[in-house]
Amino acid sequence: MPLHFRDQTQMTMAKIKHNNFLDTVNEVITDAAKQGILHLYAEGEEFTGRTIGVGGKALYHFGTTGYLGLEQDPRLKAAAVGAIQKYGTQFPLSKSYISHPLYSDLEQKIGHMYGQPIIITKNSTLGHMGAIPSAVDDRDAVILDHQVHWSVQNACKLLKNRSVPVDMVRHNNLGMLEDKIKYHSRKRKRIWYMADGIYSMFGDSAPLHQLMALSEKYPQLYLYIDDVHGMSWAGRHGTGFVMEQLKELPNNMLLFGTLSKTFGASGAVLVCPDKKMHHRIKTFGGPLTFSAQLEPASVAAASASADIHLSPEIYRLQNELKERIQYFNALLTKTDLPLVDKNDSPVFYMGTGMPKTGYNFVNRLMEEGFYVNLGLFPAVPVKSTGVRITISRHNHKEEIGALVEAMVHHYPKALEETGTDLDRVRHAFAMTASKTVPVVVHEELDIRLENSITKVEKEVWNSLIGSRGVMDWDGLLFLETSFQGNDLKEHNWEFRYLIVRDGKGKPILATFITAGLWKDDMLAKESISKTLENIRKFDPYHLTSRVLAIGSLFTEGKHLFLDQNHPLKDRALRALMLTLETFGHKMGTKMTVLRDFEPDDDLGEFIIGQGFVRIQMPDSCAVDLTGHADIEAYISGLSVRNRRHFRKEIKAFEPQFQVDILQTCNEEHLQKLVALYGNVHRNNLGLNTFSFPERVFKNMSDNPNWEFIVLRLKTSPQKPIGAMFCYKNQGKTYVPAFVGLDYTHVTSHHTYRQLLYQTIKRAIALGFSGINFGMTVAFEKRKLGATVTEQFAYVQASDNFVMELLGTM
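1. A short note on the environment of Leu578
Considering the arrangement of structural elements, one finds Leu578 in helix H19 (residues 569-587). Look at Leu578 and you get buried, because its relative accessible area is 18%. Once the C-alpha coordinates of Leu578 and Ala78 are considered, the two residues, 500 residues apart in sequence, prove to be 57 Å apart.

2. Digging into helix H22 (residues 640-649)
Every buried residue of H22 is listed here: Asn642, His645, Phe646 and Glu649. Down the axis of H22, the smallest arc covering the buried residues is 100°, so these residues share one side. For H22, the exposed residues set more than 90 degrees away from the buried face come down to Val640 and Lys648.

3. A few points about the state of the cysteines
Throughout the structure, instances matching the rule amount to zero disulfides. Cys726 takes part in no disulfide bond, and the closest cysteine sulfur, belonging to Cys665, lies 12 Å away.

4. Here's the deal with helix H2 (residues 74-87)
With 14 residues, H2 ought to run about 20 Å at 1.5 Å a step, and its terminal C-alpha atoms sit 20 Å apart, in line with that. Of all the positions in H2, only Leu76, Ala80 and Ala83 are classed as buried. The arc that holds every buried residue of H2, seen down its axis, measures 65°, which confines them to one face. Turned more than 90 degrees away from the buried face of H2, the exposed residues are Pro74, Ala78, Val81, Gln85 and Lys86. Considering only its buried residues, H2 is in contact with helix H3 (102-114) and helix H11 (296-309). Capping the start of H2, Asp73 holds a side-chain oxygen 2.8 Å from the backbone nitrogen of Arg75, two or three residues further along. Following H2 by one or two positions, Gly88 has its phi on the positive side, about 95°.

5. Some points on the environment of Leu517
Tracing the chain through its elements places Leu517 in strand S16 (residues 507-519). Looking at Leu517, the relative accessible area reads 10%, which means it is buried. The spacing of Leu517 and Lys489 is 28 residues in sequence and 7.3 Å in space, taken between C-alpha atoms. Those residues in contact with Leu517, other than ones at most four positions away along the chain, are Lys489, Glu490, Tyr541, Thr544, Ser545, Arg546 and Phe690.

6. Digging into the pairing of strand S8 (residues 253-258)
Burial analysis of S8 places six of its six residues in the buried class, the great majority of the element. Burial along S8 is two-sided: Met253, Leu255 and Gly257 and Leu254, Phe256 and Thr258, pointing in opposite directions, are all buried. When strand S7 (residues 221-226) meets S8, the two strands line up parallel, connected through four bridges. Paired with Asp226 across the two strands is Phe256, which belongs to S8. Read as a crossover between parallel neighbours, the route from S7 over helix H8 (residues 241-246) to S8 is right-handed. As paired strands, S8 and strand S9 (residues 268-271) are joined by four bridges and run antiparallel to one another. Bridge pairing in S9 links Thr258 to Ala268.

7. Observations regarding the nonpolar core
Residues Ile110, Met407 and Phe554 are the most contacted members of the largest nonpolar core, which totals 168 residues. Looking at this core element by element, the count peaks at eight residues for helix H14 (residues 397-417). Those residues in contact with Met407 that sit more than four places away from it in its chain are Phe328, Leu332, Leu337, Met350, Phe361, Leu365, Ile389 and Pro412. If you look at the next biggest cluster of nonpolar residues, it comprises 36 residues, including Val623, Tyr734, Leu741 and Leu755.

8. Side note on the sheet that holds strand S13 (residues 385-390)
Picture the strands of a sheet paired through backbone hydrogen bonds; they go either parallel or antiparallel. With respect to topology, three strands assemble into an open sheet ordered S10-S13-S12, the strand pairing being antiparallel. Pairing within the sheet leaves two strands with one partner each, and these edge strands are strand S10 (347-353) and strand S12 (373-375). Going across the sheet, the axis of each strand differs from the next one's by a mean of 30°, ignoring polarity. As defined by bridge partners, S10 adjoins S13 across six bridges and the pair is classed as antiparallel. Residue pairing in the sheet places Val347 in a bridge with Thr390 of S13. Contacts from helix H12 (residues 313-333) reach S10 and S13, with the element oriented near 30° to S10.

9. Some points on the packing of aromatic side chains
In this description, an aromatic ring pair is defined by two values, namely the gap between the centres and the angle between the planes. In the structure shown here, the tally under the stated rule is 31 aromatic pairs. With a centroid separation of 6.2 Å and an interplanar angle of 50°, the aromatic rings of Phe62 and Phe370 are classed as tilted. Highlighted residues: Phe62 in the loop between strand S2 (57-61) and H2 and Phe370 in strand S11 (residues 370-371), separated in sequence by 308 residues. For Phe62, a relative accessible area of 0% gives the class buried. For Phe370, a relative accessible area of 4% puts it in the buried group. A ring pair is formed by Phe483 and Phe692, whose centres lie 5.5 Å apart and whose planes are at 80°; its orientation type is edge-to-face.

About the cut-offs
- Residues numbered from 1 in each chain as written.
- Predicted model: local features only at pLDDT ≥ 70, side-chain atom pairs only at ≥ 80, totals over all residues.
- Heavy atoms only, no water.
- Helix = DSSP H or I, 4+ residues; strand = E, 2+ residues; numbered from the N terminus.
- Buried < 20%, exposed > 50% of the residue type's maximum accessible area, 1.4 Å probe, protein only.
- Arc of directions from axis to C-beta.
- Disulfide = S-S within 2.5 Å.
- Expected span 1.5 Å × (residues − 1).
- Contact = heavy atoms within 4.5 Å.
- Polar contact = N/O pair within 3.5 Å; in protein donor to acceptor, adjacent residues only side chain to side chain.
- Pairing = 2+ DSSP bridges.
- Right-handed = clockwise from strand over helix to strand, strands pointing away.
- Core = buried A, V, L, I, M, F, W, Y, C linked by side-chain atoms within 4.5 Å.
- Axes fitted to C-alpha atoms, helices over the stretch in contact; angles between N-to-C directions.
- Phe/Tyr/Trp six-rings, centres within 6.5 Å; stacked < 30°, edge-to-face > 60°.

Nothing here speaks to function; it is all geometry.
See below:
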């Protein structure tokens with residue numbers, strides 16, 4: 001069955017394999033480690049902060065989050081050493097029982113900095129795990145900015161055991177946030193929005209003043225802000241970016257700061273103006289109760305840092321950092337480097353687009369003597385890979401200037417070596433296009449992109465792709481006429497047909513592309529889709545996006561022809577990627593999906609390098625009918641166990657069915673079959689898509705390449721209880737594209753299994769060489785002799801929102 005449909009029974013159901021997210025992260029991180037970008041070890045017997053030892057070289061350090069350099073301050077070091085001498089390396093006892101002597105002094109100082117009740121935590125991750133489940137009531141709801149730090153998202157998973165709804169909105173999207181607030185306001189006590197003050201990759205900030213205005217409009221709105229990357233370098237007493245913007249902390253906000261990173265020590269701090277909530281979190285905050293407390297050295301160092309924060313010295317340190325940030329910004333304005341978000345934070349992000357371009361650029365800078373960080377999935381969308389540069393007080397102006405010179409020199413070379421250009425990068429980050437000349441794919445290629453299959457030679461197309469599914473020339477003409485000119489926007493698709501030839505006219509690559517409206521949760525867990533479908537009863541286009549795909553939601557199978565042995569194969573693949581980007585920009589699509597690929601397909605490394613992540617799809621099923629003269633010969637070739645299953649659950653029930661093969665249907669009969677299809681579609685949340693327009697089924701009835709296998713019980717011959725909608729591919733493949741079922745008979749009469757059998761029987765009678773059963777209910781099809789193959793898709797999204805739906809919600 002095609003991707004649009006999962007033919008569900010009440011027995012075995014196909015599911016997206018939702019370890020996809022972890023598998024994808026593992027692939028991306030492993031690839032980056034192989035490139036020498038991640039999982040490195042710093043070298044050297046001492047560390048000053050200005051340089052860092054990597055690979056036998058001292059590199060200027062532009063990757064620290066210790067922006068003020070306090071981790072190297074002699075006063076913090078002396079305090080830490082003295083604490084170890086006096087109190088030992090740790091104080092091994094829960095803080096619920098007793099805190100070691102230095103804690104009280106630290107808590108008083110931090111409380112004085114904020115002027116609010118505070119709680120010291122071991123780190124921000126454990127702090128969130130303690131604070132969030134205690135602060136959020138069972139009657140509340142939570143809304144996450146999809147770029148809020150992983151530690152916040154992870155802590156919110158604990159709420160799901162208590163049936164607290166946890167939703168997600170696109171980054172800084174206040175309209176989407178307000179819609180969620182309205183939805184939850186009728187049923188929930190408080191609605192928590194959780195975000196970062198300063199985001200760790202792009203250095204951009206939460207729209208704090210707009211959020212405060214929204215909380216005035218909706219008194220149920222409470223804010224939970226993680227401001228660890230805004231700490232110390234901003235705000236009165238270094239209390240952070242949020243405090244600098246708001247001056248005073250409102251009662252409807254919980255604020256997390258850090259005692260590590262730029263504070264120079266270790267630990268984190270929760271600021272809670274609501275005294276009753278503060279008491280509840282401190283009294284029993286999960287890890288705050290049961291985890292070990294901060295080591296004496298960390299508390300002493302934090303206390304020494306707090307002294308600096310409470311003195312006028314903090315403003316001198318802030319100004320010294322600000323001078324360096326302004327200097328770096330001024331140098332960047334004189335270049336064409338793609339700075340993704342210009343702001344006054346110490347975090348800068350240069351977009352590279354594709355991961356392989358990022359690898360190349362980072363390695364070049366390291367060779368030149370500069371250590372920087374690569375921002376890649378899942379911290380950012382894969383196609384938004386880039387280089388994160390942080391400025392600290394450790395950096396001198398001369399090396400800041402040298403870094404800019406090195407980037408100006410090496411960035412174009414990294415683009416050229418990885419087959420991309422500056423305009424493609426700027427498009428990836430929705431930035432204004434530059435005036436640079438785009439990359440030329442190859443002058444020897446003949447690239448033809450048509451908007452209708454009627455403009456492509458029938459014989460040529462069928463020889464390249466036409467033997468698969470509903471993808472021959474006639475099948476695609478059927479799709480064009482069915483998915484254009486409909487009333488609803490989700491029923492109208494754009495079609496493009498790409499053929500890349502060499503200079504002699506020999507095809508190297510061919511595929512077809514569609515652009516249409518998809519549900520963002522199409523590949524998400526069924527529980528997520530159930531929640532979203534309840535919202536769509538009132539807002540039918542909630543969380544939907546324009547998507548560009550190789551293939552379509554109607555077709556299944558290998559959609560790409562590629563001559564693997566052609567010397568211009570790589571050039572042709574680059575032409576495909578450029579075509580997808582250009583067409584996607586024109587159509588305003590938010591995501592690109594390439595499908596379907598098998599595990600041994602050697603294109604994976606190339607596609608991932610272009611900014612895609614790999615997603616495992618349901619297994620594909622096919623039946624080889626060659627050498628089988630009739631159905632009896634076919635069944636005799638099944639295993640003993642499967643023949644027993646056939647006799648007991650299929651053959652024994654066949655006499656009870658009236659089986660009709662219909663080439664066309666009158667309107668009344670067709671509506672009954674469409675209703676059976678509708679039964680299945682409504683149960684199909686594992687691959688959650690829009691339903692098809694009625695025109696599709698009318699066109700099937702009018703098209704000689706389609707037929708219907710219809711089951712009725714002989715006791716009720718007027719009522720169809722099962723139907724298979726089958727396409728006769730001109731390449732001798734029979735395609736049972738969709739199924740319709742009356743679920744009241746699925747278990748009692750094994751209706752679905754009977755349809756599978758009748759489909760095989762029909763294909764043999766027509767002389768087809770094989771059946772494309774698609775990627776559904778593999779267990780059932782395997783019992784009737786189908787071969788099962790793993791399948792993968794590659795996804796590239798403009799943001800991580802869809803990936804979060806898929807893997808982390």
